[in-house]
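Analysis of the macromolecular model
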Amino acid sequence: MISRWKQRPGQASAAAIDLLFPPRCAVCDRECAALSGRPLWCLECEQALAPAAGPVCPRCAMPCPAADAADGPCPNCRGKRFQFAAARALGPYHGALRQAVLKMKHLRFEPLAAGLGQQLGAWLTALALPQMPELVIPVPMFWLKRLWRGTNPAESLARGVAKELRLPLASDALVCCRYTKTQGTLRADERRRNVRHAFRASWRYNLRGARILLVDDVMTTGATAQEAARMLRQAGAAAVYVAAVARGTGNA
């Protein structure tokens, strides 16, 4: 019975803190059990944010007929040329996943973004990419927007993905060099113009021959991913794969 209470100092301190300040779900703020190595979510939120079932296109991550899910392309991306080699997402941009993405845009929900990144990383292991990436890079945010918000959701996500996949994270390898409008307020053609020449690869990184995992919160028309991947390819990247929490299924 005595051995039951023999804890290392760190364990005892953690137990005392949990007793005084019980762990709370990063999504709904309810008390929940903290499981080592897993996102701090309650069971209900974990189930709501579980990866979506059903066939998706391996090329653009859009839900599609089962016949197109093996190799693609699907009706959404057939005939299109992408700068990225493949895309993956946890699920469609609606319901609990949409609400989680909207919360991530606020500083106090950074733990939620990190948890979703961790889950996205695990999902990428299940939905194998054509090749294993070597480097994780988030879609960057213009410095003024970053200052206003206090956080870049894509960067928080990328940190969780990199940790789960045990890959290096290069948060500043891609730079947003000008102010852009919010993509969600624009039509598909406007989105493409909005991000054209908005990114550049940092001179501090040698990306030649690298396989890169580009991480963002939402992928809808793919305009942002396309432009970011284009600049990474121009910097010498051998392949760019896109990972997003949610896949928009429309143009708005």
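Here the structure is shown first, and the text comes after it.
Residues numbered from 1 in each chain as written. Predicted model: local features only at pLDDT ≥ 70, side-chain atom pairs only at ≥ 80, totals over all residues. Heavy atoms only, no water.

What about the pattern of salt bridges?
Throughout the structure, instances matching the rule amount to 13 salt bridges. Salt-bridge contacts for Glu44 lead to Arg30; the nearest nitrogen and oxygen are separated by 4.0 Å. Here Glu44 is found in helix H2 (residues 43–48), whereas its partner Arg30 is found in the loop between helix H1 (9–20) and H2, with 14 residues between them in sequence. Between Asp189 and Arg193 there is a salt bridge, with the nearest N and O atoms lying 3.8 Å from each other. Separated by 4 residues within a single helix, Asp189 and Arg193 lie in helix H8 (residues 188–195), roughly one turn from each other. On the accessibility criterion, Asp189 (28% relative accessible area) is partly exposed. Because the salt bridges share partners, they merge into one network encompassing Arg187, Asp189, Glu190 and Arg193. (Salt bridge = Lys/Arg side-chain N within 4 Å of Asp/Glu carboxyl O. Helix = DSSP H or I, 4+ residues; strand = E, 2+ residues; numbered from the N terminus. Buried < 20%, exposed > 50% of the residue type's maximum accessible area, 1.4 Å probe, protein only.)

Digging into helix H5 (residues 110–126)
With 17 residues, H5 should reach 24 Å at 1.5 Å per residue; the first-to-last C-alpha distance of 25 Å fits that figure. Looking only at H5, the buried set comprises Leu112, Ala113, Gly115, Leu116, Gly117, Gln118, Gln119, Leu120, Gly121, Trp123 and Leu124. On its buried side, H5 packs onto strand E1 (86–92), helix H4 (95–104), helix H7 (153–165), strand E5 (211–219) and strand E6 (239–247). (Expected span 1.5 Å × (residues − 1). Contact = heavy atoms within 4.5 Å.)

Structural notes on the environment of Lys163
If you trace the backbone, Lys163 turns up in helix H7. Remark: the alpha-carbon pair of Lys163 and Val136, spanning 27 residues in sequence, is separated by 9.9 Å.

What about the pairing of strand E2 (residues 135–138)?
A two-sided burial pattern is seen for E2, the buried positions comprising Leu135 and Ile137 on one face and Val136 and Pro138 on the other. In this sheet, E5 lies alongside E2 in parallel orientation, the contact comprising 4 bridges. Across the sheet, Val136 pairs through a bridge with Leu213, a residue of E5. (Pairing = 2+ DSSP bridges.)

Considering the packing of aromatic side chains
Aromatic rings considered in pairs are described by the distance between their centres and by the relative angle of their planes. Scanning the model with the defined rule gives 4 aromatic pairs in all. Ring geometry for Phe82 versus Phe84: centroids 4.7 Å apart, planes at 10 degrees, classification stacked. Measuring from ring centre to ring centre gives 6.3 Å for Trp148 and Tyr179, while their planes differ by 70 degrees; the resulting arrangement is edge-to-face. A residue pair is termed long-range when its members are at least 10 positions apart, and Trp148 in helix H6 (residues 143–149) and Tyr179 in the loop between strand E3 (174–176) and H8 qualify at 31 residues. In this structure an aromatic cluster arises from ring pairing among Phe142, Trp143, Trp148 and Tyr179. Above the plane of the ring of Tyr179 lies Lys145, whose end atom (NZ or CZ) is 5.1 Å from the centre. (Phe/Tyr/Trp six-rings, centres within 6.5 Å; stacked < 30°, edge-to-face > 60°. Lys NZ or Arg CZ within 6 Å of the ring centre and 35° of its normal.)

Comments concerning the sheet that holds E2
The sheet built from 4 strands is open, its strands ordered E1-E6-E5-E2 with parallel pairing. The outermost strands of the open sheet, each flanked by one partner alone, are E1 and E2. Taking the axes of each pair of neighbouring strands and ignoring which way they run, one obtains an average angle of 20 degrees across the sheet. Running at roughly 125 degrees to E1, H5 makes contact with E1, E5 and E6 of the sheet. Of the strands in this sheet, E2, E5 and E6 are in contact with helix H9 (residues 223–234), which crosses E5 at around 160 degrees. (Axes fitted to C-alpha atoms, helices over the stretch in contact; angles between N-to-C directions.)

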